[in-house]
Amino acid sequence: MTGSERFAHRPWEAAETLPREEAGSTRVDHLVVLDLVPTNARVLDIGCGDGALLALLRDRRGVDGRGIELSREGVNACLARGLPVIQGDADTDLANYPDDAFDVVVLSQTIQATRNPRIVLEHLLRIGRQVIISFPNFGHWRVRSELALRGRMPVTALMPEEWYETQNIHHCTIRDFVGLCRTVNAEIEKATALDARGRPMRFAMPWWVWNLMGAQGVFLLRRGGGPGGDTQPAV
């Protein structure tokens, strides 16, 4: 893709304006995920934290939701919300799930904390008919400026811990993730970049602008149709 081509061409579509009633205190990236999940779908939320996203999907979409969370504190918070969540590890436990067990599998702000992102993604594509993944974009300009100007690992709103405390062990950029999708033959159905405030970037821009200005990426994926059978944006 050349610099004159637009990153928002399908599947890179500009996000629609979110309804005002869905604003409030709900995280905007959660609302983006909400918009991608069909009503009454069977959903597995991996790395579901305190269950905020899973509860939102249950209340707004009526999903049959399940969750996996590594921390005991997170599992307890989910159970307090009435969510069926078990303690588990994405790196080791996904192999136990059968093919096509769920309509949608969600991995929100977690893939960069896994030990083997490629293997995890392959399991997600096997377990779910569709996969939704969000992650912080390590190619964002603030991250680049911290490295280039200060020579230090960045601390941002999305990556608030110091390098020696963070659980994030595989930082990637939007461009890197698209490359991984191509490697595992995942078809990108839709993708959205969010700015530093968590708001969808609504204008068509060259791909490098999304990779530079997007603080997060949110991807809707499905298994590709075989070698050469899917279309990926050339980044």
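Structure shown above.
Described below are features of the structure shown in this document. Values in this document were obtained by computation on a predicted structure and should not be read as measured data.

## Overview of the overall build of the protein
The helix and strand inventory of the protein stands at eight helices and seven strands. Here the protein holds 235 residues, and the buried ones make up 49% of them. Within the protein, residue pairs in contact and separated by at least 24 positions form 71% of the contacts whose partners lie at least 6 positions apart. As displayed, the protein has an accessible area near 11600 Å², and 50% of this comes from carbon and sulfur atoms.

## Quick word on the nonpolar core
Counting 33 residues, the largest nonpolar core has Ile46, Leu94, Leu124, Ile133, Phe177, Phe219 and Leu221 as its most contacted members. Of all the secondary structure elements, the ones that give two or more residues to this core are strand 1 (42-46), strand 4 (102-108), helix 5 (117-127), strand 5 (128-136), helix 7 (174-183), strand 6 (186-194) and strand 7 (216-223). Counting 18 residues, the second largest nonpolar core, distinct from the first, contains Leu31, Leu34, Val218 and Leu220.

## A closer look at the side chain of Asn137
Relative to the helices and strands, Asn137 is located in the loop between strand 5 and helix 6 (141-150). Residues contacting Asn137, with those up to four places away along its chain left out, are Val143, Cys172, Thr173, Ile174, Trp210, Asn211, Gly214, Ala215 and Gln216.

## Digging into the packing of aromatic side chains
Taken as a whole and assessed by the stated rule, the structure comprises four aromatic pairs. Judged by centre distance (4.8 Å) and plane angle (40°), the rings of Phe135 and Phe177 are tilted. One end of the pair, Phe135, is in strand 5; the other, Phe177, is in helix 7, with 42 residues separating them in the sequence. What makes Phe135 buried here is its relative accessible area of 0%. Given a relative accessible area of 2%, Phe177 falls into the buried group. Among the aromatic residues, those joined into a cluster by ring pairs are Phe135, Phe177 and Phe219.

## Overview of the state of the cysteines
Enumeration according to the criterion identifies zero disulfides in this entry. A disulfide-free cysteine, Cys48 has its sulfur positioned 3.8 Å from the sulfur of Cys78, the nearest such atom. Among the residues examined, Cys48 registers a relative accessible area of 7% and is labelled buried. No disulfide involves Cys172; its nearest neighbouring cysteine sulfur is the one of Cys181, lying 9.4 Å away.

## Comments concerning the pairing of strand 1
With respect to burial, strand 1 is a largely interior element, four of its five residues being buried. The pairing of strand 1 with strand 2 (residues 64-69) spans five bridges and is classified as parallel. Its bridge partner being in strand 2, Arg42 is matched across the sheet by Asp64. Read as a crossover between parallel neighbours, the route from strand 1 over helix 2 (residues 52-61) to strand 2 is right-handed. As defined by bridge partners, strand 1 adjoins strand 4 across four bridges and the pair is classed as parallel. Within the sheet, the bridge partner assigned to Leu44 lies in strand 4 and is Val105.

## Structural notes on helix 5
Among the residues making up helix 5, those that are buried are Pro117, Val120, Leu121, Leu124, Leu125 and Ile127. End-on, the buried residues of helix 5 take up no more than an arc of 165°, which puts them together on one face.

Rules behind the numbers
Residues numbered from 1 in each chain as written. Predicted model: local features only at pLDDT ≥ 70, side-chain atom pairs only at ≥ 80, totals over all residues. Heavy atoms only, no water. Helix = DSSP H or I, 4+ residues; strand = E, 2+ residues; numbered from the N terminus. Buried < 20%, exposed > 50% of the residue type's maximum accessible area, 1.4 Å probe, protein only. Contact = heavy atoms within 4.5 Å. Areas by Shrake-Rupley, 256 points an atom, 1.4 Å probe, with all protein chains shown as cover. Core = buried A, V, L, I, M, F, W, Y, C linked by side-chain atoms within 4.5 Å. Phe/Tyr/Trp six-rings, centres within 6.5 Å; stacked < 30°, edge-to-face > 60°. Disulfide = S-S within 2.5 Å. Pairing = 2+ DSSP bridges. Right-handed = clockwise from strand over helix to strand, strands pointing away. Arc of directions from axis to C-beta.

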